[in-house]
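These are the residues of each chain, in order.
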Amino acid sequence: MGHPPLEFSDCYLDSPDFRDRLKYYEQELERTNKFIKDVIKDGSALISAMRILEPLPMDACAYNSESS
């Protein structure tokens, strides 16, 4: 998955090839940004769930050992 290189000198020419490469990088940045936002959202949901369930592991272990 190699990215086509963006050369600083090519920006002066503003060729269609440079625009295509730039568009590719912009799309890749959008996908990466969306992925990072999803990771943050999922991580926040996980942390919230862990805080709600924090006291349960000890109670659940005691319940499981008593019921055997």
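Residues numbered from 1 in each chain as written. Predicted model: local features only at pLDDT ≥ 70, side-chain atom pairs only at ≥ 80, totals over all residues. Heavy atoms only, no water.

A.B. asks: Residues and numbers for the overall build of the protein, please.
C.D. replies: Of regular secondary structure, the protein possesses three helices and zero strands. Moving toward the C terminus, one meets the helices and strands of the protein in the order α-α-α. Counting every position in the protein, which comprises 68 residues, the buried fraction comes to 6%. Working note: accessible area of the protein is about 6,200 Å², and carbon and sulfur atoms make up 63% of it. (Helix = DSSP H or I, 4+ residues; strand = E, 2+ residues; numbered from the N terminus. Buried < 20%, exposed > 50% of the residue type's maximum accessible area, 1.4 Å probe, protein only. Areas by Shrake-Rupley, 256 points an atom, 1.4 Å probe, with all protein chains shown as cover.)

A.B. asks: Now, about helix α2 (residues 16-53): what can you tell me, with residues and values included?
C.D. replies: Over its 38 residues, α2 extends 55 Å from the first C-alpha to the last, a length consistent with the 56 Å expected when each residue adds 1.5 Å. For α2, every residue scored as buried is listed here: Phe18, Arg21 and Glu28. Elements in contact with the buried residues of α2: α1 (10-13). (Expected span 1.5 Å × (residues − 1). Contact = heavy atoms within 4.5 Å.)

A.B. asks: Tell me what's going on with the packing of aromatic side chains, and back it up with residues and numbers.
C.D. replies: One pass over the structure, following the stated rule, counts one aromatic pair. Seen in terms of ring centroids, Tyr24 and Tyr25 are 6.2 Å apart; in terms of plane orientation they differ by 85°. Their pairing is edge-to-face. Accessibility expressed as a relative area gives 26% for Tyr25, which makes it partly exposed. (Phe/Tyr/Trp six-rings, centres within 6.5 Å; stacked < 30°, edge-to-face > 60°.)

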